[in-house]
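Residue-level structural notes
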Amino acid sequence: MAALSIPLQQRAFSFRNYSSAKHKIAASTLQNLQFPTQIRCSSTKDCSKGVECLPQFKEIRNVACGILAVWAVTAVSPVIAANQRLPPLSTEPNRCERAFVGNTIGQANGVYDKPLDLRFCDYTNEKTNLKGKSLAAALMSDAKFDGADMSEVVMSKAYAVGASFKGTDFSNAVLDRVNFEKANLQGAVFRNTVLSGSTFNDAQLQDVDFEDTIIGYIDLQKLCVNKTISDEGRANLGCR
């Protein structure tokens, strides 16, 4: 395993000022130590003598390498996210009708053989063909489902940014990890609906029915921030 080096002069933090519940190091002790110009995160180095063998230095090395690991992850994450762009709009002539069949594999895991692309499709007042379907991982942005009966659907991991669900009935549906950002959900019915992990940033939630909605505490706190939820909706959710 190759050694991973951290030049101390290039780090944007001071070990003297570092403190936490688990790592409190006395500044007076650190001032008396002569540190090398680099800290190595390799555990293969033979430690028989020198400052790198001291317990104080080992603790500093663990802290430094931990911070470097966090920095590396956060530096890479934006690149990964940027590469996860939506696929081009499907040119399949009957792509909108595929919603009436649904995603026949994956379901809650959102696995599919090819994307269920419902973007820009119009299902206004569809009362029969969507009920109980599996639309897991479906791409729904800018589609219209106003007045549709989508009770008992499975929409795990669906991407519904900017979609319209005005008056849509989602009773007894599984809508976990759905992205409803900027969606219009005015008057939608989420009665006895699973909403765990779903996001509603900037969504319109006026007059939404949240009776017996199933949602985690953290997700609830995020949802309650939305100011468009009616007083009745807030009471049903338990917003404080």
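Residues numbered from 1 in each chain as written. Predicted model: local features only at pLDDT ≥ 70, side-chain atom pairs only at ≥ 80, totals over all residues. Heavy atoms only, no water.

The name that an unreviewed UniProt entry assigns to the protein is Thylakoid lumenal protein, chloroplastic, with the source organism given as Sesamum alatum.

1. A short note on the overall build of the protein
Here is the rule: Think of it this way: any DSSP run of H or I at least four residues long counts as a helix, any run of E at least two long counts as a strand, and we number them from the N terminus. Here's how the labels work: a residue is buried when its accessible area is under 20% of the maximum for its type, exposed when over 50%, partly exposed in between, all with a 1.4 Å probe on protein chains only. Contacts are assigned to residue pairs with any non-hydrogen atoms lying within 4.5 Å of each other.
When you go through the protein residue by residue, the secondary structure sums to four helices and two strands. Listed by position from the N terminus, the elements making up the protein come as β-α-β-α-α-α. For the protein, buried positions account for 38% of its 240 residues. Summarising the internal contacts of the protein: among those between residues at least 6 apart in sequence, 27% fall at separations of at least 24.

2. Overview of the state of the cysteines
Rule in force here: Any two cysteine sulfur atoms lying within 2.5 Å of each other are counted as a disulfide.
Tallied over the full model, the rule gives two disulfides. At a sulfur-sulfur separation of 1.9 Å, the disulfide partner of Cys96 is Cys121. The S-S bond linking Cys96 to Cys121 shows a torsion near -80°; that makes this disulfide left-handed. One end of the pair, Cys96, is in the loop between helix H2 (55-83) and helix H3 (217-224); the other, Cys121, is in the loop between H2 and H3, with 25 residues separating them in the sequence. Given a relative accessible area of 22%, Cys96 falls into the partly exposed group. A sulfur-sulfur distance of 1.9 Å marks the disulfide that ties Cys224 to Cys239. Negative torsions about the S-S bond denote left-handed disulfides, and the value of about -80° found for Cys224 with Cys239 makes this one left-handed. Linking Cys224 in helix H3 with Cys239 in the segment after helix H4 (231-237), this pair joins segments that are 15 residues apart in sequence.

3. Considerations on the pattern of salt bridges
We apply this condition: By definition, a salt bridge exists where a carboxyl oxygen of Asp or Glu is found within 4 Å of a side-chain nitrogen of Lys or Arg.
Under the criterion given, the structure shown has five salt bridges. The salt bridge partner of Arg177 is Asp176, with a shortest N-O separation of 2.6 Å. Exposure remark for Asp176: the relative accessible area of 11% places this residue in the buried category. In this structure, the salt-bridge partner of Asp209 is Arg191, at a minimum N-O distance of 2.4 Å. Taken together, the residues Asp209 in the loop between H2 and H3 and Arg191 in the loop between H2 and H3 connect sequence positions 18 residues apart.

4. What about the environment of Lys182?
Relative to the assigned elements, Lys182 resides in the loop between H2 and H3. Classification of Lys182 as exposed rests on a relative accessible area of 52%. Here the alpha-carbon distance between Lys182 and Gln204, two residues 22 residues apart in the chain, equals 7.0 Å. Setting aside residues no more than four positions away along its own chain, Lys182 makes contact with Gly162, Asn201, Asp202 and Ala203.

5. Looking at the side chain of Asn184
Our working rule: Polar contacts, as counted here, are pairs of nitrogen or oxygen atoms within 3.5 Å of one another; within protein the pair requires one atom able to donate a hydrogen and one able to accept it, and residues that are adjacent in sequence qualify only if both atoms are side-chain atoms.
Relative to the elements of secondary structure, Asn184 occurs in the loop between H2 and H3. A distance of 3.2 Å separates polar atoms of two side chains, one belonging to Asn184 and the other to Gln186. Dropping the residues within four chain positions of it, Asn184 is found in contact with Ala163, Ser164, Phe165, Lys166 and Gln204.

6. Regarding the confidence of the model for the protein
Low-confidence regions, as indicated by low pLDDT, have predicted coordinates that should not be scrutinised in detail. Stated precisely, the cut-off is as follows: pLDDT expresses, on a scale from 0 to 100, how confident the predictor is about each individual residue.
The pLDDT averaged across the protein works out to 76; a share of 61% of its residues lies at or above 70. Low confidence marks residues 1-33, where pLDDT is under 50. Its contacts with residues over four positions away, or in another chain, come to 53 contacts. Predicted confidence for residues 67-83 stays below pLDDT 50, and this span has five contacts to residues more than four positions away or in other chains.

7. Let's talk about the nonpolar core
Formally: Among the buried residues, those of types Ala, Val, Leu, Ile, Met, Phe, Trp, Tyr and Cys that are joined through side-chain atoms within 4.5 Å form a nonpolar core.
Among the nonpolar cores identified, the biggest contains 41 residues, and Met140, Met150, Met155, Phe165 and Leu185 are the most heavily contacted of them. Here this core gets three residues from one element, more than from any other, and that element is H3. The residues contacting Leu185, other than those within four sequence positions of it, are Phe165, Phe170, Phe180, Phe190, Phe200, Ala203, Gln204, Leu205, Gln206 and Val208.

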